[in-house]
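# Architecture and fold: a report
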Amino acid sequence: VKKAMEHAWSGYEKWCWGKDELRPLSNKCNDNYGGMGTTLIDSLSTLWIMGMKNEFYKARDWVGDGLNFYNVEGGVSVFETTIRVL
């Protein structure tokens, strides 16, 4: 399971860092949740639990330095934001 997480995270980090989603077949990004880095934020607990501390700290730093709720693009889903970001 950890190898799968490492593989998925490395693709996200390489292709779509700070974006909401990675489309793995095309290596293209989606910002379907307002461009808040939803995958990154949602993955913080998993990174920590899996012992991926370096990846966790890098993502945590992005949240502190790069996340800006004032620059959210378009509408956002209250449900998705609640379960994945808050």
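Residues numbered from 1 in each chain as written. Predicted model: local features only at pLDDT ≥ 70, side-chain atom pairs only at ≥ 80, totals over all residues. Heavy atoms only, no water.

## Side note on helix 2 (residues 38-49)
The line we're drawing: Three exposure classes are used, based on accessible area relative to the maximum for each residue type with a 1.4 Å probe and protein chains only: buried under 20%, partly exposed in between, and exposed over 50%. Counting from the N terminus, the helices are the DSSP runs of H or I reaching at least four residues and the strands are the DSSP runs of E reaching at least two. Contact definition: two residues touch when any of their heavy atoms are within 4.5 Å.
Along helix 2, the residues classified as buried are Thr-38, Thr-39, Leu-40, Ile-41, Ser-43, Leu-44 and Leu-47. Next to the buried residues of helix 2 lie helix 1 (2-16), strand 1 (21-23), helix 3 (53-66) and helix 4 (78-84).

## Notes on the packing of aromatic side chains
What counts is decided by this rule: Classification of ring pairs rests on two measures: the distance between centres of Phe, Tyr or Trp rings, Trp counted by its six-membered ring, which must be within 6.5 Å, and the angle between planes, read as stacked under 30 degrees, edge-to-face over 60 and tilted in between. In this scheme, the term charge over a ring applies when either NZ of a lysine or CZ of an arginine sits within 6 Å of the ring centre and within 35 degrees of the ring normal.
Within this structure, the stated rule accounts for six aromatic pairs. For the ring pair Tyr-12 and Trp-17, a centre distance of 6.3 Å and an interplane angle of 50 degrees mean the geometry is tilted. Residue classification places Tyr-12 among the buried positions, given a relative accessible area of 3%. Between Trp-48 and Tyr-57 the ring centres are 6.1 Å apart and the planes differ by 80 degrees, which places this aromatic pair in the edge-to-face class. An aromatic cluster of at least three residues, connected via ring pairs, comprises Trp-9, Tyr-12 and Trp-17. Geometry around Trp-48 places Lys-53 over its ring, the cationic atom sitting 3.7 Å from the centre. Seen from the ring of Trp-17, Lys-58 lies directly overhead, with NZ or CZ sitting 5.1 Å from the centre.

## Focus: a nonpolar patch on the surface
The line we're drawing: Here the term patch refers to residues with relative accessible area over 30% and no salt bridge, with like charges joined within 9 Å and nonpolar side chains (Val, Leu, Ile, Met, Phe, Trp, Tyr) within 5 Å. Where accessible areas are quoted, they stem from the Shrake-Rupley method and a 1.4 Å probe; at the residue level, only the protein chains shown are allowed to cover. Salt bridge, as used here, is a side-chain nitrogen of Lys or Arg placed within 4 Å of a carboxyl oxygen of Asp or Glu.
Side chains of Trp-48, Ile-49 and Tyr-57 sit close together on the surface and give an oily, nonpolar patch of about 340 Å² of accessible area. Relative to the helices and strands, Trp-48 is located in helix 2. Classification of Trp-48 as partly exposed rests on a relative accessible area of 39%.

## Considerations on the state of the cysteines
Let me state the cut-off plainly: What counts as a disulfide here is a pair of cysteine sulfur atoms lying within 2.5 Å.
Considering all chains together, one arrives at one disulfide under this definition. The disulfide that involves Cys-16 links it to Cys-29, with 2.0 Å between the sulfurs. Where Cys-16 bonds to Cys-29 through sulfur, the torsion about that S-S bond is close to -100 degrees, and the disulfide is left-handed. Of this pair, Cys-16 sits in helix 1 while Cys-29 sits in strand 2 (residues 28-30), placing them 13 residues apart in sequence.

## Let's talk about the side chain of Asn-30
Its location among the elements puts Asn-30 in strand 2. What makes Asn-30 buried here is its relative accessible area of 18%. Sequence-distant contacts of Asn-30, defined by excluding residues within four places in its chain, comprise Lys-19, Asp-20, Glu-21 and Arg-23.

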